[in-house]
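Each chain is listed here by its residues.
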Amino acid sequence: MKQIQMVDLQTQYKRLQKEIDEGIQNVIEDAKFINGPAVKTFAANLADYLSVKHVIPCANGTDALQIALMSAGIQPGDEVITPDFTFIATVEVVALLGAKPVLADVNPEDFTIDVNQLESLITDKTKAIVPVHLFGQCANMASIMNIARKHNLRVIEDTAQAIGSDYYIKDKPGKAGTLGDFGCTSFFPSKNLGCYGDGGALYTNDDELAATAKSITNHGSTVKYHHDRIGVNSRLDAMQAAILNVKLKNLDDFNRRRQAAAIFYDHHLEEIPEIAIPVKRDASSHSYHQYTIKVPKGENKKLQEYLKKHDIPSMIYYPIPLHKQAAFKEWTDDRTFPVSDELAERVLSLPMHTELTKEQLTHICNTIKTYFHE
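Everything numeric in this text was worked out from a predicted model, so none of it was measured.

Caption draft 1: Summary view of the nonpolar core. Ranked by size, the top nonpolar core spans 37 residues in total, and within it F85, Y265, L269, Y291, I293, L350 and I368 carry the most contacts. Of all the elements in the fold, those that place two or more residues in this core are helix 9 (251-269), strand 12 (291-294), helix 10 (300-309), helix 11 (338-344), strand 13 (347-350) and helix 12 (358-373).

Caption draft 2: Examining the pairing of strand 1 (residues 54-58) more closely. A large share of strand 1 lies buried, amounting to 4 of its 5 residues. The sheet contact formed by strand 1 and strand 9 (residues 200-204) spans 5 bridges and is antiparallel. Bridge pairing links I56 to L202 in strand 9.

Caption draft 3: Molecular detail of the side chain of S349. Residue position: S349 is located in strand 13. A distance of 2.7 Å separates polar atoms of two side chains, one belonging to S349 and the other to T292. Excluding anything up to four places from it in sequence, S349 contacts M6, Q290, Y291, T292, S314, M315 and Y317.

Caption draft 4: Main features of the pairing of strand 8 (residues 182-186). In terms of burial, strand 8 is largely enclosed, as 5 of its 5 residues are buried. As defined by bridge partners, strand 8 adjoins strand 9 across 4 bridges and the pair is classed as antiparallel. Residue S186 lies in a different strand from strand 9, and its bridge partner there is G200.

Caption draft 5: Quick look at the pattern of salt bridges. The final tally for this structure, using the stated rule, is 15 salt bridges. With a closest N to O distance of 3.2 Å, K2 and D8 form a salt bridge. A relative accessible area of 5% places D8 in the buried class. Between E355 and R15 there is a salt bridge whose closest N-O contact spans 2.8 Å. With E355 in the loop between strand 13 and helix 12 and R15 in helix 1 (residues 9-30), the pair connects residues that are 340 residues apart, well separated along the chain.

Caption draft 6: Molecular detail of helix 8 (residues 238-249). Here helix 8 is 12 residues long and its end C-alpha atoms lie 17 Å apart, about the 16 Å a rise of 1.5 Å per residue gives. Extensive coverage of helix 8 is indicated by the burial of 10 of its 12 residues. All of the buried residues in helix 8 are A238, Q240, A241, A242, I243, L244, N245, V246, K247 and L248. Structurally, helix 8 contributes buried residues whose contacts are with helix 1, helix 2 (37-50) and helix 9.

Caption draft 7: How the structure looks around a nonpolar patch on the surface. Together, I28, F33 and I34 give the surface a local cluster of nonpolar side chains, amounting to about 270 Å² of exposed area. With respect to the helices and strands, I28 occurs in helix 1.

Caption draft 8: Fine view of the environment of G98. Of note, G98 is situated in the loop between helix 4 (89-96) and strand 3 (100-104). Measuring from C-alpha to C-alpha, the distance between G98 and P76 comes to 4.2 Å, with 22 residues separating the pair along the chain.

Caption draft 9: Broad picture of the packing of aromatic side chains. For the structure shown, the criterion picks out 12 aromatic pairs. Both rings, one in F85 and one in F111, keep their centres 6.4 Å apart while their planes meet at 55 degrees; by these two values the pair is tilted. In this pair, F85 is assigned in the loop between strand 2 (79-83) and helix 4 and F111 in the loop between strand 3 and helix 5 (118-121), connecting sequence segments 26 residues apart. As far as burial versus exposure is concerned, F85 and F111 are alike and both buried. Taking 5.9 Å as the distance between ring centres and 45 degrees as the angle between the ring planes, the aromatic pair formed by F328 and W331 counts as tilted. One exposure class covers both F328 and W331, and it is buried. Feature note: the residues F85, F111, F135, Y317 and Y318 constitute an aromatic cluster, connected by ring pairs.

Caption draft 10: Fine view of the state of the cysteines. Considering all chains together, one arrives at 0 disulfides under this definition. Free cysteine C138: the closest other cysteine sulfur is in C184, separated by 14 Å. Judged by relative accessible area, C138 falls into the buried class, the value being 1%.

Caption draft 11: A look at the sheet that holds strand 1. Read from one edge of the open sheet, 7 strands run 1-9-8-5-4-2-3, paired in mixed fashion. Both outer strands of the open sheet, strand 1 and strand 3, are each paired with one neighbouring strand and no more. Between one strand and the next, the sheet's axes are offset by a mean angle of 25 degrees, whatever the strand orientation. Across 5 bridges, the pairing between strand 2 and strand 3 is parallel. Within the sheet, the bridge partner assigned to I81 lies in strand 3 and is V102.

Caption draft 12: Looking closely at the packing of helix 10 against helix 12. Between helix 10 and helix 12, whose axes approach to 10 Å, the crossing angle comes to 125 degrees. Judged by the angle between their axes, helix 10 and helix 12 are oblique. For the pair helix 10 and helix 12, the sense of crossing is right-handed. Mapping the contact onto sequence places K302, L303, Y306 and L307 in helix 10 and T367, I368, T370, Y371 and F372 in helix 12. Classifying every residue of the contact of helix 10 with helix 12 by side-chain character gives 6 nonpolar, 2 polar and 1 charged.

Caption draft 13: Local environment of the environment of Y317. As for its position among the elements, Y317 is in the loop between helix 10 and helix 11. Residues Y317 and Y168 lie 149 residues apart in sequence; the distance between their C-alpha atoms is 27 Å. Those residues in contact with Y317, other than ones at most four positions away along the chain, are M6, F85, F135, Q290, V347 and S349.

Criteria and thresholds
- Residues numbered from 1 in each chain as written.
- Predicted model: local features only at pLDDT ≥ 70, side-chain atom pairs only at ≥ 80, totals over all residues.
- Heavy atoms only, no water.
- Core = buried A, V, L, I, M, F, W, Y, C linked by side-chain atoms within 4.5 Å.
- Buried < 20%, exposed > 50% of the residue type's maximum accessible area, 1.4 Å probe, protein only.
- Helix = DSSP H or I, 4+ residues; strand = E, 2+ residues; numbered from the N terminus.
- Pairing = 2+ DSSP bridges.
- Polar contact = N/O pair within 3.5 Å; in protein donor to acceptor, adjacent residues only side chain to side chain.
- Contact = heavy atoms within 4.5 Å.
- Salt bridge = Lys/Arg side-chain N within 4 Å of Asp/Glu carboxyl O.
- Expected span 1.5 Å × (residues − 1).
- Patch = residues over 30% accessible without salt bridge, like charges linked within 9 Å, V, L, I, M, F, W, Y side chains within 5 Å.
- Areas by Shrake-Rupley, 256 points an atom, 1.4 Å probe, with all protein chains shown as cover.
- Phe/Tyr/Trp six-rings, centres within 6.5 Å; stacked < 30°, edge-to-face > 60°.
- Disulfide = S-S within 2.5 Å.
- Axes fitted to C-alpha atoms, helices over the stretch in contact; angles between N-to-C directions.
- Parallel < 35°, antiparallel > 145°, perpendicular 65-115°, else oblique.
- Left-handed = near helix turned anticlockwise from the far one by under 90°.
- Nonpolar A, V, L, I, M, F, W, Y, C, P; charged D, E, K, R; others polar.

In short, geometric facts, not functional conclusions.
And the structure:
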């Protein structure tokens, strides 16, 4: 059996090698490395895939979030509500702009922001909500959008883990990231749509927000040497865009492969009483950036070590919730986050990628069964 990896980018590359190599070679021969044709083509292709008016490529997913907040007019002293159980980038960018991150606990079932807490966290300083579509499934966007409209708040979706997922409002599907004012994504190599370095993008249907975001990525400029606002230097590399153009054509297939692996996991792990398999919400499809199970409290690290001894990688996302991070100590206000605290001791993400074989999946599931039954 081939060695199991959390993400098998080598085998995926071999399947797509001819097209990817041709795309990179075309960029080299064209010698237009900054904002060249490959970048423009990718932006247009992604906009078409998402059925969104504007895609603004940038250097990485963290920049995408920061640029979205800047474009939405977030100022020092403003408050922005984010989930506590997520990667630091979502909250980090709020603090970088001098605004106050207001953390919300998450749902124990799907790990996304608890919408029942939102209104109690809103003050006259609140300007935006940043829901995270964690592990590949959308947050409760219907409720989030209703609350945001009621309180005149911006909504910036962190879609780094859920690109390609669908969300259903009144039976009308829309892609994750296209329901709020902005969607933001990362093309980090391990993502469902990943390049071979860093990359990111933000997208919107709002013409004014799009124009602002585009200028911010380019030092606040729309005309060379004319700077209308303070901006940043954040560009998607042309070679990465060429790679992403190939991978975007395969994104739906990538997600179907992940979903097939998830179905296998579900079938074999749901019979183990100590394990809670991922919950799938009716309002959202699941693209399974991660396949994350819950085990009894305190067992995740023990199971992780057991799997490691059997050459099976796994990851705990996230072992330290943000409210316990030293960097955010001044913003937690001694509030409690019981769900995030519990999840940190229960969640474990199993290998999940497009190249998993039945033999590998069988070995993973049988090893987990042995752990709980030996």
